[in-house]
Every structure is written in structure tokens, then in C-alpha cells.
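Inside the fold
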Amino acid sequence: MDLKVRLCLLLITLSWTVNLMSVSAQEEDEADVMDMDDGEVDIGDDILEAEAEATDEAPAEPAIPKVTYKAPEPMGEHFFAESFDKGTLEGWITSKAKKDGIDEEIAKYDGEWEVEDMKDTKLPGDKGLVLKSRAKHHAISAWLLRPFNFDTMPLIVQYEVNFQTGIDCGGAYIKLLSQTEDLNLEEFADRTPYTIMFGPDKCGEDYKLHFIFRHKNPKTGEFEEKHAKKSDSDLRSYYTDKKTHLYTLVLNPDNTYEILIDQTVVNSGSLLTDVTPAVNPAAEVEDPDDHKPEDWDERPKVQDPDAVKPEDWDEDAPAKIADEDAVKPEGWLDDEAEYIGDPDAVKPEDWDEDMDGEWEAPQVPNPACEAAPGCGKWEKPTIDNPSYKGKWKAPMVDNPNYQGVWKPRKIANPDYFEDLHPFRMTTFSAVGLELWSMSSDIFFDNFFVSNDRNTAERWANDGFGLKKAAEGAADPGLVKQMMTAAEERPWLWVVYVLTVALPLVLIIVFCCTGKKKPAAADYKKTDEPQPDVKDEPEAAEEDEEEEEEKAEEEEEDVKQEEQTADKKSDLEDSPAEEGANDEDSPDGEEEEEADKSGEKPEEDILRRSPRNRKVRKE
């Protein structure tokens, strides 16, 4: 069998195998969607329910595995854990404060909060905190179990957000409220001191993921906000897909930070080098009392003071002159105006010459000029003046007095300090949401603050992992998603053809067709060595040729023996003539015998030559 045919069959077999494995894996995933460690999800006969019922008109749809919700439980070191599964706002305090500097009508933090399930929940019983009002100020907060001190352990903050109705303009960020003597959660507002602000924010087409910390100047004691660099990742889908996403901030004692979405890093850096403005100010600054001297020359080029205007330089020569070679075209109508008054125009009845002046008909193109090259007084066209040079200016030369661009001198920065441990931030003792949003029904869930990453990851797996598995079980398959997308965007069919059908066609063409290699008999017949041909059909053809050549050799041997026998019989029938010839020329017999004896070996050599065989065969 041809090698390419076998290769084609092998590829087709592998393709079918991969498809079967994919279907099998998908079925196993659906069956084991929530069969995870640590009791995250448990799907059994009492949980997985098949609700599809067979009908006479249409086949039943496959059952969607349902996941039973189990509230996450904090295990390990943590400072705050809230899943809202009690169904109440117990432990949370809504603000009664007012914003400063705005109208009284919108100054209140009167936005509503509720604890409820998501609208399109895939996990009944999983409740969360929902921002219910739009175009209002919202503020709510809760105390930590104990204050968090920045020492030798990292900080991990994470929570979930779902923009159930999308997001137009507004935020969903969390604030870690600094521990102060006068911290009152009932008066929580935008002016309340915080240590860290973290989370998503969006307005227009600006998609942000904030990480802001307030750094204390060790010299002045004042606080300044430091903003982490912007993420290089495209964040748009997290705000528009209406799915739950897990936002995580990790701060390490070595001053590094990581920002994760759905447990994938989307931004990272150092508190010393990747924030704006920088934590540590410059060691030197420009002297504010230094001023540029009056005689400081910053001109790199000046006019040559020794240059003289040439005597033949005419500054008064015009840039354009009349073309003296131009000739008035034949048929030019000098006595006709280019525009004339409209003969069909009529003065309006309400025209008042005392008020409006003398009435004149509007101007229209002169019909007499339509067939003529032009009308009115003919003037020669203008051309560039070859003698024009313009105003003379002295050429520029290097300024011998050039001193460079002036800059004030540098002096030691009186406010300079060096903080090599910006991780050691202000202790915080509460978490809060202080938001303004033009969108409602923003869903928050599973807040967690810890200093142990493994504990935080376990909480994420028990909470967010469960949501993700439930949403994944309810999501349609890949093929159905592609078909649905193509119904909404018909141009996607072109993409499917180019990415799926075209490669399959190319594989089939490559495997089952190809240029035929030349057989051994197709090579030019020369005495030079030819390459061996390894194909099985050609090898079989060579064997057949060898057998035919052997048969031809045997046939030639038989014919040769018959010819020899005929010659011997002819010689025996004429002995007298042969004897006479022997007497007349005794040397002739010897020559004839020599010729005969020499003829046969020569014929045998030629006959047995491989080259001679091929010639005879042709």
C-alpha cells in the first residue's frame, strides 16, 4: 500500500480518536464537575437530577448537573471572613454620614444594600451583598476580628464581584480602613482614612483595577496616595461578561505585590519601583532660588556678522511675472462679460428701494461664453519669476558664545528620606465599601482577609471554585456556543470555514495526493549509475524485467545452437568443395577457423552485456 495512503488513514484514525477522547473527557467533566477535594462540591444521586422529559415531537435534552451549595468555612489564620449565608447584614454597619462639598440632596449615603441570591444564580442558596440603588452614594463597613499589623507576614485580601446588569460608570472596590482613635463606622465616608483601596472601577471606556495605598512620610507625618502601575492585561471582559470574578491582592514583606483575577496574575511589581509617585523622593532637587543670568546665551546658531548681501541681489523683484510667450486663444470674447444679470429675474413686489436700495437682478453665467474659451478682458497668465530671490538674510553659523540650555543647579532635597520598607503600612481594623455607581445590582461575596496564602486559596476554592463549577456545568457546549454566536454574527461562518474546514481539506489533499516519483525505467539510459528506487511496485517491476531477460537469454541460446547445427550440416553436404578449397588455400581454413572461433566469444560478450539486453528489449 502506498505510504501516503497509509499516512492519511493514520491521521484520520488519530482525528477520530481525539474526538472520542474529547467527548469522553467532557462527559467525565460534567459527571465530576463538583467532585472535588475537601468537600467543595458533592454531586451524587441526590444532587444530580435529570429534568429532561422525553416527548413524542422532540428528543429530550441532556440533563444539566445541579450543584448543591455548601457555605465556605474559614480554616486557618484569618482576620475577616464573610459569605453572607446567614441572609442578613449582621455585623455590617451602614453609614449615616454625608459627603462634603456637594448638594444636600445627593450628599447622603442613602444607597440601599440587600443580602440576596444573584438574579440568574446557578447556585441556589449562595447569597451575597447587593448594591441596589443607582445614582446614589453607598457606604457600608464591618470590623475585623482583630487589627491587621504589617510585620513579617504577607497580606492577602480577596472578594468576589458580579456586575449583574453590566457597569456604566462606577466602582466595586474595597477600602481597608486605618485604625484610628476616632474611627466610627456609622460616619464612614470618602474622607475616612484608609490604608489600602483595591478593586475594579470603570467609567466610559476606562477599565481600571485599583491598588492604592497611603504612605506616611516619616519626616512630615503626612500621608500621600501611591498608585500601582496600570495592568498590561485587557480587563474589558471582566466588566462585561456578567460573570462572577474573584479579585485578589497579595502584599509580601519583601515589598512585592501581586494582583490576581480568578486566581490568575494580571499585575505585579514592587512598592519601591512600580508605583506613582515614587515612595522615596529624589535625593537632589532644583534650587528654587537659582535664576538664569541675564547674559546667558542659549542660541546654538546666530547670523553670520561678516556676511554681506550680494550686489545683484534684488529684494524688490516680484515672485510672479506675466508670461510673455502666452497668446490669447482664438475665439476669446473680449466684449462679453463672464456674468450677466438674470434676464428671467423679477423684482419682488415688496421691494422697497428706499429701504433696500436699487434692485439688481442676480448674476448668472453668460450663456454666450459657454462655447468660447473665455470672456472679458484677456490678461497674460503669470509664472514664477526666475530672478526672484526674496528678502536677503545672513546665513546662520555656530554661536561662539553658546552656553547651552540653562537649568537651575541641584541642591540636596531638604525633604529627602529613604523608606526601604513601604510594606510596613498603617494598621487597619475594618473593611468597607464606599461607592457611587450609575448601575445597580452589583453583587459582592466571600470577603476574606488573611496572612496565609494557603488559607486564602482554600477559602477561594470553597467559595469561588464552587460558583465557577456551577456556572461551567450550566454553560452550553463549545459547538452550541459557536452556533449561537454565528446566529448573532453570520460573518463567523467564514471564520469557522477558514479555521476548521480548510485545514481538513489541506490534510486530505496532502495525504492522499502528491507527485508520483519516477520509476526506474523512466530514468535516461546511460552507463552512469542511477539512484535506487525503493518503492515496492517498482521493485516488483524490476523482478519481472529480470525474469523476462533470463527467458530471452535462454531463447537466444537455443537459436544460436540451431544456427550452429545448420552450419555443420551444410559443411557435411559439400566435402569435395571443401577439400578443393583446402588444397588451393591451406591457410584459408586456418583463417576461417580462427574467424569462427573468434566470432562466438565476441557474440557471447555482447549478448550477455546488460546494456545490450535493454537495447534488444526495446
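Residues numbered from 1 in each chain as written. Predicted model: local features only at pLDDT ≥ 70, side-chain atom pairs only at ≥ 80, totals over all residues. Heavy atoms only, no water.

1. Describing the overall build of the protein
Definition in use: Runs of H or I in DSSP of at least four residues are treated as helices and runs of E of at least two as strands, each being numbered from the N terminus. Note on exposure labels: buried denotes an accessible area under 20% of the residue type's maximum, exposed denotes more than 50%, and partly exposed covers the range between, all computed with a 1.4 Å probe on protein chains only. Working rule for contacts: check all heavy atoms of both residues, and any pair within 4.5 Å makes them a contact. Areas reported as accessible are Shrake-Rupley estimates using a 1.4 Å probe. Residue values count occlusion only from the protein chains shown.
When helices and strands are tallied, the protein shows eleven helices and 25 strands. Within the protein, the proportion of its 618 residues that are buried is 30%. Within the protein, contacts between residues at least 6 apart in sequence are counted, and of these 74% link residues at least 24 apart. If you sum the accessible surface of the protein, you get close to 40,900 Å²; carbon and sulfur atoms cover 51% of it.

2. Notes on the confidence of the model for the protein
For clarity, the cut-off: pLDDT is a residue-level measure of predictor confidence that goes from 0 to 100.
Predicted confidence across the protein gives a mean pLDDT of 79, with 71% of residues reaching 70 or more. For the protein, per-element mean pLDDT is lowest for helix 9 (residues 575-584), which scores 46, and highest for strand 8 (residues 174-178), which scores 97. In the predicted structure, residues 520-525 sits below a pLDDT of 50 and forms ten contacts with residues beyond four places in sequence or in another chain. For the stretch residues 575-600, pLDDT sits under 50, and the model shows three contacts to residues farther than four places along the chain or on other chains.

3. As for the state of the cysteines
A covalent bond between the sulfur atoms of two cysteines is referred to as a disulfide. The following threshold applies: Count a disulfide wherever a pair of cysteine sulfur atoms falls within 2.5 Å.
Per the stated rule, a full pass over the model turns up two disulfides. With its sulfur 2.1 Å from that of its partner, Cys 169 forms a disulfide with Cys 203. Because the torsion about its S-S bond is -90°, the bridge between Cys 169 and Cys 203 counts as left-handed. In this pair, Cys 169 sits in strand 7 (residues 169-171) while Cys 203 sits in strand 9 (residues 194-203), placing the two residues 34 residues apart along the sequence. Between Cys 369 and Cys 375 runs a disulfide, and the two sulfur atoms are separated by 1.7 Å. The S-S bond linking Cys 369 to Cys 375 shows a torsion near -125°; that makes this disulfide left-handed. For the pair Cys 369 and Cys 375, a shared accessibility class is recorded, and that class is buried. Numbered by order of appearance in the sequence, the disulfide-linked cysteines of the protein pair as 1-2, 3-4.

4. Concerning the packing of aromatic side chains
How we decide: Stacked, edge-to-face and tilted labels apply to pairs of Phe, Tyr and Trp rings (six-membered ring for Trp) whose centres lie within 6.5 Å, assigned for plane angles under 30 degrees, over 60, and everything in between, in that order.
A complete count under the given rule lists 20 aromatic pairs for this structure. Summarising the aromatic geometry, the rings of Phe 150 and Phe 428 are spaced 5.9 Å apart at their centres and angled 55° between planes, so their arrangement reads as tilted. Of this pair, Phe 150 sits in the loop between strand 5 (136-148) and strand 6 (155-163) while Phe 428 is found in strand 24 (residues 428-437), placing the two residues 278 residues apart along the sequence. Assigned by exposure class, Phe 150 and Phe 428 land together as buried. The structure contains a cluster of three or more aromatic residues connected by ring pairs, namely Phe 80, Phe 84, Trp 92, Trp 113, Tyr 159, Phe 198, Tyr 247, Phe 444 and Phe 447.

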